[in-house]
Amino acid sequence: MVSEYERQRDANIARNKALLKSLGLDTPLFEPKEKIIPKPKAPKKRKEPPTPEESGPTRRSARNRGKKVDYKSEQKISSPMPISFQAGIRVSGNEGPLGSGDGVKRKYNPKVYGHIPHIEVGTWWETREGCSNDAIHAPWVGGIAVGPQGAYSVALSGGYDDDVDLGYAFTYTGSGGRDLKGTKAAPKNLRTAPQSSDQDFDNNFNRTLQRSSETKKPVRVIRGYKLKSPYGPSEGYRYDGLYEVEKAWSEKGLNKGGFMVCKFAFKRLPGQPPLPRRAIDGEDATPVDESVGETKDEESAVSSPSEEA
């Protein structure tokens, strides 16, 4: 038996899908599938280097003789590429370049509208911190980066049950309306606390997205691995380019109290690379033959000259 919640959710999803399709989606004829690359075998463990106690006293530079030098406070600058990827232990399904890692100094100002220099659409990060360091989406936790003429960027990760993501357009539920004290079971889990009041456009985040719908300033969009969508990445956070807020409205939310929520419809700007689709819910993934570095499909199971040689 279908519950009232499920009935209302399905009705909301159908209505949101119809709204997004009415915007005229610029979906390409071919949508690349996210490549699932098998993980290589773990390398053999190497003998750990001797500890300072075993190897004797640490040598110091003669130039610092007689000076007080705090060697322990010296900072080590590491490569932005995670060690697990450098060693070949992990291989990502994301095809775009890997962005900066944690602790990297930010080069560009995130408080601008449009693309960030030298950051390609499809670039991905292991953490939100890395994404922030590359100025694509500054907040480490929040979903909306506020600007005077609208949002600079938004993050899709999780979301509400009746939000719809068609890749080239999606609906987004606003902020607020939750009890900041959380619940008895999870007093500090503010993001999952039940709706306890109406959302409105007096909320700074909602007002910012409403402003975006008026100014039509482009909004950078990242998708996270928690997003329940075929357009969400299998891991990390991916930059999916620029969108416009086409519509802002208020409606009864999918909650027990019937509280109002703010909703927004985003549409992707044309002229950008196609979005990869993730294989979920029984969809066929596209395996990668690492020996040739290309995808293998049933229709193209013919050996190339290099394979035959």
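Treat the numbers as computed from the prediction; the structure is a model and nothing was measured. (Residues numbered from 1 in each chain as written. Predicted model: local features only at pLDDT ≥ 70, side-chain atom pairs only at ≥ 80, totals over all residues. Heavy atoms only, no water.)

1. What about the nonpolar core?
- Among the nonpolar cores identified, the biggest contains 18 residues, and Val154, Phe170, Tyr172, Leu209, Phe264 and Phe266 are the most heavily contacted of them.
- When contributions to this core are tallied by element, the ones reaching two or more residues are strand S4 (153-156), strand S5 (169-173), strand S6 (219-224), strand S7 (237-252) and strand S8 (260-268).
- With three residues, the top contributor of residues to this core is S8.
- Setting aside chain neighbours within four positions, we find Phe264 in contact with Phe170, Thr171, Tyr172, Gly174, Phe201, Asn206, Leu209, Gln210, Val245, Lys247, Ala248 and Trp249.
- Ile116, Ile119, Ile136 and Leu242 belong to the second largest nonpolar core, which has ten residues in total. (Core = buried A, V, L, I, M, F, W, Y, C linked by side-chain atoms within 4.5 Å. Buried < 20%, exposed > 50% of the residue type's maximum accessible area, 1.4 Å probe, protein only. Helix = DSSP H or I, 4+ residues; strand = E, 2+ residues; numbered from the N terminus. Contact = heavy atoms within 4.5 Å.)

2. Thoughts on helix H1 (residues 4-22)
- For H1, spanning 19 residues, the distance from its first C-alpha to its last is 27 Å, which sits close to the expected 27 Å at 1.5 Å a residue.
- Along H1, the residues classified as buried are Asn12, Asn16, Leu19 and Leu20. Buried residues of H1 fall within an arc of 95 degrees about the axis and therefore sit on the same side. For H1, exposure combined with an orientation more than 90 degrees from the buried face picks out Lys21 and Ser22. (Expected span 1.5 Å × (residues − 1). Arc of directions from axis to C-beta.)

3. Notes on the confidence of the model for the protein
- Looking at the protein, pLDDT values average 76 and 62% of them are 70 or higher.
- In this model residues 71-81 is a low-confidence stretch, pLDDT under 50, and it forms eleven contacts with partners more than four residues away in sequence or in other chains.
- Note on residues 284-309: pLDDT under 50 across the span, and 27 contacts to partners over four residues away in sequence or across chains. (pLDDT = per-residue confidence, 0-100.)

4. Some points on the packing of aromatic side chains
- Evaluation of the coordinates by the stated rule reveals seven aromatic pairs.
- Ring geometry for Tyr168 and Tyr231: centres 6.2 Å apart, planes at 85 degrees, overall edge-to-face. Of the two residues, Tyr168 is situated in the loop between S4 and S5 and Tyr231 in the loop between S6 and S7; the sequence distance between them amounts to 63 residues.
- Judged by its relative accessible area of 4%, Tyr168 is buried.
- Ring centres of Tyr225 and Tyr237 lie 5.8 Å apart, and the angle between their planes is 70 degrees; this geometry places the pair in the edge-to-face category. (Phe/Tyr/Trp six-rings, centres within 6.5 Å; stacked < 30°, edge-to-face > 60°.)

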